[in-house]
Amino acid sequence: MSIKLLEHIRDELRGSGAIQNTPEFCTSWLGRSEGYIRTLRFHGLEPSVEALSVCSHKLGHYADKLRGSDKDTHKTWVESFDGLKAVSYTHLRAHET
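Nothing here was measured: the structure is a model prediction, and the numbers come from that model.

With that out of the way, let us pick up the pattern of salt bridges. This structure, assessed with the given rule, holds 5 salt bridges. For D11, the salt bridge is made with R14, and the minimal N-O distance between the two is 3.1 Å. Here the residue D11 and the residue R14 both occupy positions in helix α1 (residues 3-16), the gap between them amounting to 3 residues, near one helical turn. Here D11 falls in the partly exposed class, since its relative accessible area comes to 37%. Judged by relative accessible area, which is 36%, R14 ranks as partly exposed. Across the pair D82 and R67 runs a salt bridge whose closest N-O atoms are separated by 2.8 Å. With D82 in helix α5 (residues 72-96) and R67 in the loop between α4 (49-66) and α5, this residue pair connects regions lying 15 residues apart in the sequence.

Below is the structure:
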């Protein structure tokens, strides 16, 4: 699993307005410290399966919570969250084999 996947998810969430910055993504969506991605880059490490699992679960959770909303912003978030969850799930499944 690549750090580029986490950066892609972060960028999509930031682009949709769901987050403001990388530290918020790391703490709120990965369940890690605010410097998690920076630490991975510095040490040349790959993200943990646990961090991506937490993120995937939260994407699904929030998509489900917002699914019945009539707000256009929420509908956009649901589509984005569902797509990102699918990408995350694909990477998690590939890691299992």
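Turning to α4, a few remarks are in order. Structurally, the α-helix is built with 3.6 residues per turn, so residues lying three or four positions apart point the same way. Compared with an ideal rise of 1.5 Å per residue, which puts 18 residues at 26 Å, α4 spans 26 Å between its outermost C-alpha atoms and is within 8% of the ideal. Taken together, the buried positions of α4 are A51, L52, C55, S56, L59, G60, A63 and L66. Projected onto a plane normal to the axis of α4, the buried residues spread over an arc of 165 degrees and lie on a single side. Summarising the geometry of α4, the exposed residues directed more than 90 degrees from the buried face are E50, H57, D64 and K65. Buried positions along α4 lie against α1, α2 (22-29), α3 (36-43) and α5.

Applying the stated criterion across every chain yields a total of 3 aromatic pairs. An angle of 55 degrees between the planes, with centres 5.4 Å apart, marks the rings of W29 and Y62 as tilted. Of this pair, W29 sits in helix α2 while Y62 is found in helix α4, placing the two residues 33 residues apart along the sequence. By relative accessible area, which is 6% here, W29 ends up buried. On the basis of relative accessibility, which here comes to 36%, the residue Y62 falls in the partly exposed class. Centroid distance W77 to F81: 6.2 Å. Interplanar angle 20 degrees. Geometry classified as stacked. Pair noted here: W77 and F81 are both in helix α5, with a separation of 4 residues, about one helical turn. An aromatic cluster is built from W29, Y62, W77 and F81, whose rings are joined through pairwise contacts.

So, how was this worked out
Residues numbered from 1 in each chain as written. Predicted model: local features only at pLDDT ≥ 70, side-chain atom pairs only at ≥ 80, totals over all residues. Heavy atoms only, no water. Salt bridge = Lys/Arg side-chain N within 4 Å of Asp/Glu carboxyl O. Helix = DSSP H or I, 4+ residues; strand = E, 2+ residues; numbered from the N terminus. Buried < 20%, exposed > 50% of the residue type's maximum accessible area, 1.4 Å probe, protein only. Expected span 1.5 Å × (residues − 1). Arc of directions from axis to C-beta. Contact = heavy atoms within 4.5 Å. Phe/Tyr/Trp six-rings, centres within 6.5 Å; stacked < 30°, edge-to-face > 60°.

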